[in-house]
Amino acid sequence: MATQNTIALDPIKYEIYRHRLYNILEEGRITIRRVTGSAMVAEGGETLCSFYMSDGTPVLTASGILLHCTGARDFVIKAIEWYEQDPGIHDGDQLLFNDPYVGGQHLQDMIIIKPIFYNGKRIAWCGSFMHTPETGAISPGGNPAHATNIWQEGLSIKGLKIIEKGRFRPEIFNTVCGHSRDPHLVGLDTKAKIAANNVCAKQLLTLVQKYSLEFVEAANERIIEDSEKMVRAKLASLPDGVWRSRIYGDIDGLTERPYKVVCTMTKKGDEVAFDFTGSSRQNAGSLNSTLPATWGSLFVVLASQLFWDVPWNGGMLRPVTLIAPEGTVVNCRYPAAVSCGVKSAGTMVTSTAHACIARMLLAAERIEEVNSGWRGASGSSVSFGGISQHGSVVAGVLLEGFASGCGAAPYRDGVDTGGEMMNPTSNIADVEVLESSFPLLHLGRRQAIDSGGPGKYRGGVGIEMVYAIYGTKKFEIGLQGSGRRSPVNRGIFGGYPSAIREVRMALDSNISEVWQQGKSVTSFEEIGELQAEHLLLPSCHPPKALRELDILSPVRDGGGGYGDPLERDPDRVAYDVVCGLVSKLAARNVYGVVIDGRSGQVNQSETELLRKKMLEDRLNPG
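Keep in mind that what you see is a predicted model, and the values were worked out from it rather than measured.

Cut-offs and rules
- Residues numbered from 1 in each chain as written.
- Predicted model: local features only at pLDDT ≥ 70, side-chain atom pairs only at ≥ 80, totals over all residues.
- Heavy atoms only, no water.
- Helix = DSSP H or I, 4+ residues; strand = E, 2+ residues; numbered from the N terminus.
- Expected span 1.5 Å × (residues − 1).
- Contact = heavy atoms within 4.5 Å.
- Axes fitted to C-alpha atoms, helices over the stretch in contact; angles between N-to-C directions.
- Parallel < 35°, antiparallel > 145°, perpendicular 65-115°, else oblique.
- Left-handed = near helix turned anticlockwise from the far one by under 90°.
- Nonpolar A, V, L, I, M, F, W, Y, C, P; charged D, E, K, R; others polar.
- Pairing = 2+ DSSP bridges.
- Core = buried A, V, L, I, M, F, W, Y, C linked by side-chain atoms within 4.5 Å.
- Buried < 20%, exposed > 50% of the residue type's maximum accessible area, 1.4 Å probe, protein only.
- Lys, Arg positive; Asp, Glu negative; His and termini not counted.
- Salt bridge = Lys/Arg side-chain N within 4 Å of Asp/Glu carboxyl O.
- Polar contact = N/O pair within 3.5 Å; in protein donor to acceptor, adjacent residues only side chain to side chain.
- Phe/Tyr/Trp six-rings, centres within 6.5 Å; stacked < 30°, edge-to-face > 60°.

Participant: An account of helix α15 (residues 604-619) is requested, with residue identities and associated values reported.
Facilitator: Under the 1.5 Å per step criterion, the end-to-end length of α15 is 23 Å for 16 residues, consistent within 8% with the ideal 22 Å. Where α15 is buried, its residues meet α13 (570-578) and α14 (584-589).

Participant: Give a description of the packing of helix α4 (residues 170-178) against helix α5 (residues 183-211) that names residues and reports values.
Facilitator: With their axes 8 Å apart at the nearest point, α4 and α5 run at an angle of 130 degrees to one another. Classified by the interaxial angle, the pair formed by α4 and α5 is oblique. As for the relative orientation of α4 and α5, their crossing is right-handed in sense. Two secondary-structure elements touch here, α4 through Phe173, Val176, Cys177 and Gly178 and α5 through Pro183, Val186, Gly187, Thr190 and Lys191. Residues of the contact of α4 with α5, tallied by class, amount to five nonpolar, three polar and one charged.

Participant: I'd like to hear about the sheet that holds strand β10 (residues 271-275), residue by residue, with values.
Facilitator: Read from one edge of the open sheet, four strands run β8-β9-β10-β11, paired in mixed fashion. Here the strands that pair on one side only, and so sit at the sheet edges, are β8 (241-249) and β11 (320-323). On average, each strand axis in the sheet is tilted by 15 degrees relative to the strand beside it, whichever way the strands run. Of the strands in this sheet, β8, β9 (259-268) and β10 touch helix α9 (residues 345-363), which is tilted by about 145 degrees from β8.

Participant: Could you give an account of the nonpolar core, naming the residues involved and the relevant values?
Facilitator: Across soluble globular proteins, nonpolar side chains have a tendency to be buried as a group. Counting residues in each nonpolar core, the largest one holds 100 residues, and the members touching the most others are Ile113, Phe274, Leu298, Leu302, Leu306, Phe307 and Ile477. It is α9 that provides the largest number of residues to this core, a total of ten residues. Contact partners of Phe307, with chain neighbours within four places excluded, come to Val231, Lys234, Leu235, Leu302, Met316 and Val320.

Participant: Give me the lowdown on the environment of Leu160, citing residues and values where you can.
Facilitator: Structurally, Leu160 is set in strand β6 (residues 158-164). C-alpha of Leu160 to C-alpha of Val262: the two residues are 102 residues apart in sequence and 37 Å apart in space. In this structure Leu160 touches Gln94, Leu95, Leu96, Ile172 and Val176, once residues within four positions along its chain are discounted.

Participant: Hey, could you go over α9 for me, with residue numbers and the actual values?
Facilitator: With 19 residues, α9 should reach 27 Å at 1.5 Å per residue; the first-to-last C-alpha distance of 28 Å fits that figure. Most of α9 sits inside the fold, with 17 of its 19 residues counted as buried. Two residues or fewer after α9 comes Glu365, characterised by a positive phi angle close to 60 degrees.

Participant: Tell me about the side chain of Asp189, and please be specific about residues and values.
Facilitator: For Asp189, the location among the structural elements is in helix α5. Within the buried core, Asp189 has no salt-bridge partner, and the shortest N-O distance to an opposite charge, that of Lys193, equals 5.4 Å. Side-chain polar atoms of Asp189 contact the side chain of Thr132, separated by 3.3 Å. Dropping the residues within four chain positions of it, Asp189 is found in contact with Thr36, Gly37, Ser38, Met130, His131, Thr132 and Pro133.

Participant: Explain the pattern of salt bridges to me, and be specific about the residues and the numbers.
Facilitator: Under the criterion given, the structure shown has 34 salt bridges. The shortest N-O distance in the salt bridge between Arg232 and Asp270 comes to 3.4 Å. Here Arg232, found in helix α6 (residues 213-236), pairs with Asp270, found in the loop between β9 and β10; they are 38 residues apart in sequence, far enough to count as distant. Residues Glu326 and Arg333 are paired through a salt bridge, measuring 3.7 Å at the closest nitrogen-oxygen approach. Classification of Glu326 as exposed rests on a relative accessible area of 53%.

Participant: Quick rundown of the packing of helix α1 (residues 11-35) against α6? Include the residues and the values.
Facilitator: Two elements in contact, α1 and α6, have axes separated by 10 Å at closest approach and are oriented at 80 degrees. Accordingly, the angle class assigned to the pair α1 and α6 is roughly perpendicular. Counted together, Lys13, Tyr14, Tyr17, Arg18 and Leu21 of α1 and Phe215, Val216, Ala219, Asn220, Arg222, Ile223 and Asp226 of α6 form the full contact between these two elements. Of the residues contributing to the contact of α1 with α6, the split by class is seven nonpolar, one polar and four charged.

Participant: Account for the packing of aromatic side chains, with residues named and values stated.
Facilitator: For the coordinates displayed, the defined rule picks out eleven aromatic pairs. With a centroid separation of 5.2 Å and 55 degrees between ring planes, the pair formed by Phe168 and Phe173 is classed as tilted. Phe168 sits in the partly exposed class, given a relative accessible area of 32%. By the ring-pair criterion, three or more aromatic residues cluster together here, those being Tyr17, Tyr211 and Phe215.

Participant: Just give me the short version of the pairing of strand β5 (residues 121-131), but keep the residues and values in it.
Facilitator: Across the eleven residues of β5, ten count as buried, placing the element largely inside the fold. Pairing of strand β1 (residues 47-53) with β5 involves seven bridges; the strand directions are antiparallel. From the neighbouring strand, Ser50 faces β5, where its bridge partner is Gly127. If you look at the hairpin formed by strand β4 (residues 109-118) and β5, you'll find two residues sitting between the two strands, and Asn119 has a positive phi there, around 55 degrees.

These results come straight from atomic positions and should not be treated as a statement about function.
This is the structure in structure tokens:
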């Protein structure tokens, strides 16, 4: 723990300092996005910059991904433990980490930390992160669901000094970059993090010179203390109790073996505990979460749903206890594979904890803070690799999943394609950016019909894409995640879950003939009309070699519903049908709403009769 500083803080100067500190971190994130060559970083915003006390306690974080707000803390702590004495931690050093058993989520989470010195004394650390989409794993993109140990997932780094006493070390840089399929991209990402750390460290020292070291150290401690006080006050205002939730995954990375994550949340006084005892044993494939990763997944829901008005730092977590039995999917044993844990077990941690928190908030009558499940429970993604249309090597992950549906609330529908819980600044890349970077031709991108969970208030719908491989003869695509057989985003208080996740491929199709006729395919359903070899893929699929003009269409997740669908205003159902968000079949069979085929208006009398019959069938299912 940091030593207590007794200096009196001028409240105005303190607030100015705190806001300036956050803006410095945002400057670091902007630096990363200007240097990187990654579309998911430059467009999707998957970056983080943080300040830490000299002992590693997080002071403040600016992040595009909540998963990683606790990640660099563990790397700083281990850097001190391992290297303080030998070879020493010096002014001008920067250390590269990505070992998920130390911090972060998986090997793609490459973090560089930098000690900050003032007059020869280490006063703080800063850290910069981004998801680097190529690690030299057994398949491109660094997300091999079929990996069975950590060694198959790429290069694991435990604190290499990429910068030593201010000197760039080309032998370390070349080794790290050369271990991947796309060394140029990895090199740009590495330099982006170095540059961001330089910006953040320089600006912090400017504040030290302006306000004094004593003020800065006291203010940093105050920021942490304020967060803890805010968290404890929030918890104390909520009812004590025990809430439970569970959710199921449908594949372990190798076979379609179901597994579960179970959460028991106990809130007492100004503390809360999340106990994941009862979760399944660790998976054979890479759908596992390490303990640091599980902390990150829990932080997602704490920061976005419970402590959303609290600055992100170490103080937020002091009143929180995490129990995750070793050897389970939420605390796997080394050397278990973990590359797809964030898209499965980790996001199931987020989902189950969220369900418990939502019920507690409703019991406290905090209606405006309650919402049902939204993306944070499935994390499905498409990874790829091969030769681009420009003849260069490419590898990475497509992140249109950031446009998934948000959960419904007790007073409103979920936001359609509104974002992802783990990403507070959710964004997706422009089609033109993706097409210029990768050999993918976008044939369609739209909101996916029937993907949101039905309810009195409907869950937001997810996104649906249609891609054609274009301009290359060598390209492969793989899948990771959960949700093909079991819905992953839950509804609450009578609301239904979101639709299952679907991914379709059309191989060796007649799409070129369709184009010659002046037509195209722009939706998941239209692909089925092509003359082709049609495949409906499971949640996880090893990389598959594709040919030019082969077609892929993933449908992303919607949010869960809230309340009984039979209580939904029939006119709102009809409007959703007109907008292409709900099908007529779902309107009738799920919402009990009969829509006239000609006018598109609700047939009120038939709707009343149908809903009455559906209620009677519920009471007498036989």
